[in-house]
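Here are the chains, one letter per residue:
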Amino acid sequence: MTDTKELATLLENLLKLQKSGSLGEIVGQAQRIYHDISDLSVLSGLSTPEVLSPHTSPDVPERVPSEVNLDNSNLATDVNEKEKYFDDFANDYIEFTYKNPTTYHLVQSVAELLKKSGFEYLPEAADWSKLFDPEKTGAYFTIRNGTSLAAFTIGSFWSPAKGVGAIGSHIDALTTKLKPVSNKSKVDGYELLGVSPYAGALSDVWWDRDLGIGGRVIYKNESSGKLSTTLVNSTPHPVAHIPTLAPHFGTPSNGPFNKETQAVPVVGFSDGNDEEKPTEDEQKSPLIGKHSLKLLRYISKLAGVPVSSLIDFDLDIFDVQKGTRGGLSNEFIYAPRVDDRICSYSALQALIRRHKDPESFVTDDSFNLVALYDNEEIGSLSRQGAKGGLLESTISRAIAALKISEPGTLQRLYANSVILSADVTHLLNPNFTEVYLEHHKPLPNTGIALALDSNGHMATDLLGKVVVEQLAKLNDDKVQYFQIRNDSRSGGTIGPSISSSTGARTIDLGIPQLSMHSIRATVGYKDVGLAVKFFQGFFKNWRKVVDGIEEF
């Protein structure tokens, strides 16, 4: 047992050396002492000045300004400071989902945030072995299709026997997609737009909403002669509206409604006398005739390229209304696209914060990963979905880049790993309490909820449940439980897919929300901060918890 005074001296020296970039062998010494101490409470008494990891730009602030430490070892006692922590995360999440209405925008935004936080981009098509430095702690990310992303940190003392602590979540949300040919005949001057529902969109909750347009545009770059891509976003300007039929018309206003003929966005009106023809230059675009000229000119303006350069696009129609705090005491967040931008945001923030934690630098024998997937809402069976193997590919290529090639390495790694499948689950709706299973009614501003299912729709098993409960105990978190009643149908997550493809223990949990699959949903204002705290505790403690189970 090393003297705790010696540990304090070494750690303080390490922090000084870390600032100067000269690490030497003090890293190994500090790590040895850290693992030799059974009572880590001594760490809470150390003087820890603000320090940046050597792989973090010194002039880049945290995305969330609040640095309140809600870990069990240093629980903030000032009520105002705790409130600031929750307020900061709630407000930042609202901005995050507002500025990123499509999966393309979200991945681009996350990539920028990761770069600012010291993560290095690894293109999937590149040779990772030439980009990795196995002698130092690394933070990396990769992108697939512009709509899915995997970010990870890997310590210089990590080995496959240590496994991977991973969080998988999905970033796609219910939306509507512009059809390949969106032209529709006018109806008495009304200009209509041809769209298709993505997953369960275009239900009546989408009607009478202010809808914007945005997504990815492919255009011909006149200067290079090559095809380039850019993102467009009409926010805050709405371009479409799906009008309901007034109840005065009787039975036809009650539904059910035909999504092809009665849920068509109205995007304009003209009397037919102001029809314009495309110019000779505009006719060069292959999109002329497939979409209205007015739409093409609008997208052209957003993209900053001429209509003639437009080659194709993947555009969503989405709610432009910004999320907001609500309730008599501001105890809620009302926002679009909660399912599941909220768990993705929380997991990513936890990874970044854990990466910047000086303690993480000292004990750098971990491999932490966050995978953000597309297409969960339509079954995940795509190259950018969970069944496309992004997590598995990222881990395999990282191992290869580190030149670890012993037989059975991957299998051993997954056997020693824990993966959280983080997806929203259901808050108790006070108007429909009878549809909830007794003792399985998650509440807002309380903590994450374990998702359970006796028929395998969720990946959580007995040991997985125990692991989460132990993690929560170590991190002073509360755990809630949700399971569907026998007379209701269960939803699904990426959990079973990841579990079956890797063999790793996978646990389904998430932030509970009201109004799942509506165009706008409700969560507790503390729930983002509570999730970040839990996920950060997961990255910190999961290995310790697993090592405390005899037959994991």
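Definitions and cut-offs
- Residues numbered from 1 in each chain as written.
- Predicted model: local features only at pLDDT ≥ 70, side-chain atom pairs only at ≥ 80, totals over all residues.
- Heavy atoms only, no water.
- UniProt positions renumbered as here; feature names shortened; annotations may be inferred.
- Helix = DSSP H or I, 4+ residues; strand = E, 2+ residues; numbered from the N terminus.
- Buried < 20%, exposed > 50% of the residue type's maximum accessible area, 1.4 Å probe, protein only.
- Contact = heavy atoms within 4.5 Å.
- Areas by Shrake-Rupley, 256 points an atom, 1.4 Å probe, with all protein chains shown as cover.
- Pairing = 2+ DSSP bridges.
- Axes fitted to C-alpha atoms, helices over the stretch in contact; angles between N-to-C directions.
- pLDDT = per-residue confidence, 0-100.
- Parallel < 35°, antiparallel > 145°, perpendicular 65-115°, else oblique.
- Left-handed = near helix turned anticlockwise from the far one by under 90°.
- Nonpolar A, V, L, I, M, F, W, Y, C, P; charged D, E, K, R; others polar.
- Phe/Tyr/Trp six-rings, centres within 6.5 Å; stacked < 30°, edge-to-face > 60°.
- Polar contact = N/O pair within 3.5 Å; in protein donor to acceptor, adjacent residues only side chain to side chain.
- Patch = residues over 30% accessible without salt bridge, like charges linked within 9 Å, V, L, I, M, F, W, Y side chains within 5 Å.
- Salt bridge = Lys/Arg side-chain N within 4 Å of Asp/Glu carboxyl O.
- Arc of directions from axis to C-beta.

By the naming in an unreviewed UniProt entry, the protein goes by Vacuolar aminopeptidase and is assigned to Komagataella phaffii. UniProt lists a comment for the protein under the heading Cofactor (unreviewed entry), and it reads "Zn(2+)".

Colleague: Would you mind showing me how to read the overall build of the protein here?
Modeller: Regarding its fold elements, the protein presents 12 helices and 21 strands. Relative to its 552 residues, the protein shows a buried fraction of 52%. Partitioning the contacts of the protein with sequence separation of at least 6, the portion at a separation of at least 24 is 75%. As presented, the protein carries roughly 24,900 Å² of accessible surface, and 50% of it is formed by carbon and sulfur atoms.

Colleague: Could you clarify how one ought to interpret the sheet that holds strand 19 (residues 505-510) in this entry?
Modeller: Across a sheet, paired strands are connected by hydrogen bonds in the backbone, their directions being either parallel or antiparallel. Strands sit in the order 1-2-3-14-4-15-19-17-18 across an open sheet of 9 strands; the sheet is mixed. Strand pairing shows two members of the sheet lacking a second neighbour, strand 1 (120-121) and strand 18 (480-483), which therefore form its edges. Relative to strand 19, strand 15 (residues 418-422) is paired through 5 bridges, and the arrangement is parallel. By the bridge assignment for strand 19, V418 is matched with R505. Packed on one face of the sheet, helix 4 (residues 103-116) meets strand 1, strand 2 (138-144) and strand 3 (148-154) and runs near 20° to strand 3.

Colleague: What exactly am I supposed to notice about the confidence of the model for the protein here?
Modeller: Parts of the prediction with low pLDDT should not have their coordinates interpreted in detail. Looking at the protein, the pLDDT average stands at 87 and 84% of residues meet or exceed 70. A low-confidence stretch, residues 31-76 (pLDDT under 50), is modelled with 102 contacts involving residues beyond four sequence positions or located in other chains.

Colleague: It is not clear to me how the packing of helix 6 (residues 338-356) against helix 12 (residues 527-547) should be interpreted in this structure. Could you clarify?
Modeller: Any two packed helices are characterised by how steeply their axes cross, that is the angle between the axes, and by the distance between the axes. At a minimum axis distance of 8 Å, the contact between helix 6 and helix 12 shows a crossing angle of 50°. One element, helix 6, and the other, helix 12, form an angle in the oblique class. For the pair helix 6 and helix 12, the sense of crossing is right-handed. Taken together, the residues of helix 12 that come into contact with helix 6 (itself represented by I342, C343, Y345, S346, A347, Q349, A350, L351, R353 and R354) are V528, A531, V532, F535, Q536, F539 and K540. Residues of the contact of helix 6 with helix 12, tallied by class, amount to 11 nonpolar, 3 polar and 3 charged.

Colleague: Honestly, the packing of aromatic side chains in this entry has me stumped. Any pointers?
Modeller: To describe a pair of aromatic rings, you give the distance between the ring centres and the angle between the ring planes. In this structure the tally under the stated criterion is 15 aromatic pairs. For the pair W128 and F152, a centre-to-centre distance of 6.5 Å together with 25° between the ring planes defines the contact as stacked. Pair noted here: W128 is in the loop between strand 1 and strand 2 and F152 is in strand 3, with a separation of 24 residues, a long-range link. Taken as a pair, W128 and F152 share a single burial class, namely buried. Here F152 and F367 contribute two aromatic rings whose centre-to-centre distance is 5.5 Å and whose plane-to-plane angle is 40°, an arrangement assigned as tilted. Linking F152 in strand 3 with F367 in strand 14 (residues 367-373), this pair joins segments that are 215 residues apart in sequence.

Colleague: Honestly, the sheet that holds strand 7 (residues 195-198) in this entry has me stumped. Any pointers?
Modeller: Strands sit in the order 7-5-11-8-9 across an open sheet of 5 strands; the sheet is antiparallel. Pairing within the sheet leaves two strands with one partner each, and these edge strands are strand 7 and strand 9 (227-233). With direction set aside, neighbouring strand axes in the sheet form an average angle of 20°. Direction of pairing for strand 8 (residues 211-220) relative to strand 11 (residues 310-319): antiparallel, over a ladder of 9 bridges. Residue I218 lies in a different strand from strand 11, and its bridge partner there is D312.

Colleague: What am I meant to see in the environment of E377 here?
Modeller: Along the chain, the position of E377 falls in the loop between strand 14 and helix 8 (390-401). Of the residues examined, E377 reaches a relative accessible area of 15% and is grouped as buried. Sequence-distant contacts of E377, that is, excluding residues within four places in its chain, are made with H170, D172, L174, Y198, A199, D339 and H517. Side-chain polar atoms of E377 contact the side chain of H517, separated by 3.3 Å.

Colleague: Help me understand the environment of D339 in this model?
Modeller: In this fold, D339 is placed in helix 6. According to the relative accessible area criterion, D339 is buried, its value standing at 9%. Sequence separation of D339 and R520 is 181 residues, and the distance between their C-alpha atoms is 9.5 Å. Contact partners of D339, with chain neighbours within four places excluded, come to H170, D172, A173, E377, D423, V424, Q513, M516 and H517. Within the structure, the side chain of D339 is placed 3.1 Å from the side chain of H170, a separation counted as a polar contact.

Colleague: Sorry if this is basic, but what is going on with a nonpolar patch on the surface here?
Modeller: Taken together, the side chains of V187, Y190 and F269 make up a nonpolar region of the molecular surface, amounting to roughly 320 Å² of accessible area. Relative to the elements of secondary structure, F269 occurs in strand 10 (residues 266-269).

Colleague: What is the right way to look at helix 5 (residues 293-303) in this model?
Modeller: At 3.6 residues per turn, the α-helix brings residues three or four places apart onto the same side. Those residues of helix 5 that sit buried are L293, L295, L296, I299, S300 and A303. Seen from one end, helix 5 has its buried residues packed into an arc of 155°, which puts them on one side. Opposite the buried face of helix 5, by more than 90 degrees, sit the exposed residues K294 and K301. Lining the buried residues of helix 5 we find strand 5 (175-178), strand 8, strand 9 and strand 11. A positive phi of about 75° marks G304, the residue just after helix 5.

Colleague: Teacher, can you tell me more about the pattern of salt bridges here?
Modeller: If the charged atoms of two oppositely charged side chains come close together, the side chains can form a pair. Enumeration over the complete set of coordinates arrives at 23 salt bridges. Across the pair E124 and R144 runs a salt bridge whose closest N-O atoms are separated by 2.8 Å. Of this pair, E124 sits in the loop between strand 1 and strand 2 while R144 is found in strand 2, placing the two residues 20 residues apart along the sequence. On the basis of relative accessible area, R144 is assigned to the buried category, the value being 8%. With a shortest N-O distance of 2.9 Å, D316 and K177 are connected by a salt bridge. Highlighted residues: D316 in strand 11 and K177 in strand 5, separated in sequence by 139 residues. By relative accessible area, K177 is classed as partly exposed at 22%. Shared partners join several salt bridges into a network, and the residues in it are E95, K99 and K322.

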